[in-house]
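Coordinate inspection notes
Below, each chain spelled out in residue letters.
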Amino acid sequence: MPDETSAAPDVEVRRSRRRRRTVSAYRDGDRIVIMIPATMTRAQEAEWVETMVARLERSEQRKRLSDDDLLRRAARLSDRHLGGLAEPESVRWVDNQTSRWGSCTPGDRTIRLSSRLQGMPVWVVDYVLVHELAHLLEPGHDAKFWSWVDRYPQAEKAKGYLLGWSAAAHLDAPPGEDVD
């Protein structure tokens, strides 16, 4: 995986007259938004930008699931939503999926998730895992397949999230479906 710290992140600083002392940061897609009081000097702004970017990146790093974490999570999701019937051999992050969120090879029972999912809400990652787990039970996208996927309670919400993210990033939905 490429070193994500080598490239400076896209940062947007928003000054607020209402904000007096507090500084906050959040990620909006690929951009980091930092909210600061309007009264801060440029030197204070630069110091806070560096501090908040580092803090946010550390927090995101702690939240990133390892490949082993993904495999354990997939097993729990299979147990909870698919009766434990979907048993992947491996689940891992990949950097080469730019037109889909995940993929599954039923023959060797492997699941790959796009690294673009890292940093998205956990319920979205879980949806993609359930979607790919369902491919271990039904390889196509027929009604049987979707009946497995729809056992995940936040499936529709996650599909909407991924469609919205794709639209905002000006990405086409994959052919034949909207979120695979």
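Predicted model, so just to flag it, every value in this text is computed and none were measured.

**Observations regarding the overall build of the chain**
Looking only at helices and strands, the chain has five helices and six strands in total. Seen in sequence order, the chain has helices and strands lined up from the N terminus as β-β-β-α-α-β-β-β-α-α-α. Residues classed as buried in the chain amount to 39% of the 180 residues present. Of the contacts formed within the chain by residues at least 6 apart in sequence, a portion of 45% connects residues at least 24 apart. Here the chain displays about 10700 Å² of accessible surface, and carbon together with sulfur accounts for 49% of that area.

**Describing the pattern of salt bridges**
Under the counting rule described, the total for this entry stands at nine salt bridges. Linking R31 and D10 is a salt bridge whose minimum nitrogen-to-oxygen distance equals 3.2 Å. Of this pair, R31 sits in strand β3 (residues 31–37) while D10 sits in strand β1 (residues 10–16), placing them 21 residues apart in sequence. For D10, a relative accessible area of 41% puts it in the partly exposed group. Here E45 ties to R15 by a salt bridge, and the two come within 2.6 Å at their closest N and O atoms. Of this pair, E45 sits in helix α1 (residues 42–63) while R15 sits in strand β1; the two residues are 30 residues apart in sequence, bridging distant segments of the chain. Residue E45 is classed as buried on the basis of its relative accessible area, which comes to 14%.

**Describing the environment of G83**
Considering the arrangement of structural elements, one finds G83 in the loop between α2 (67–82) and β4 (90–94). For G83 and W148, which are 65 residues apart along the polypeptide, the C-alpha to C-alpha distance reads 10.0 Å.

**Comments concerning the side chain of Q97**
Turning to its location among the elements, Q97 is positioned in the loop between β4 and β5 (102–105). Assessed through its relative accessible area of 9%, Q97 is described here as buried. Only 2.6 Å separates the side chain of Q97 from the side chain of S103, close enough to count as a polar contact.

**What to know about the sheet that holds β3**
Here we have three strands laid out as an open sheet, ordered β1-β3-β2, and mixed in their pairing. Looking along the sheet, the strands with just one partner apiece sit at the ends: β1 and β2 (24–28). Between one strand axis and the next, the sheet turns by 25° as a mean value, whatever way the strands run. Bridge count between β1 and β3: seven bridges; the pairing is parallel. When the bridges of β3 are listed, R15 appears paired with I36.

**Notes on the confidence of the model for the chain**
On average, the chain scores 86 in pLDDT, and the residues at 70 or more come to 87%. For residues 1–6, every residue scores under 50 in pLDDT, and the model assigns this stretch five contacts once sequence neighbours within four places are set aside.

Cut-offs used in this document
Residues numbered from 1 in each chain as written. Predicted model: local features only at pLDDT ≥ 70, side-chain atom pairs only at ≥ 80, totals over all residues. Heavy atoms only, no water. Helix = DSSP H or I, 4+ residues; strand = E, 2+ residues; numbered from the N terminus. Buried < 20%, exposed > 50% of the residue type's maximum accessible area, 1.4 Å probe, protein only. Contact = heavy atoms within 4.5 Å. Areas by Shrake-Rupley, 256 points an atom, 1.4 Å probe, with all protein chains shown as cover. Salt bridge = Lys/Arg side-chain N within 4 Å of Asp/Glu carboxyl O. Polar contact = N/O pair within 3.5 Å; in protein donor to acceptor, adjacent residues only side chain to side chain. Pairing = 2+ DSSP bridges. Axes fitted to C-alpha atoms, helices over the stretch in contact; angles between N-to-C directions. pLDDT = per-residue confidence, 0-100.

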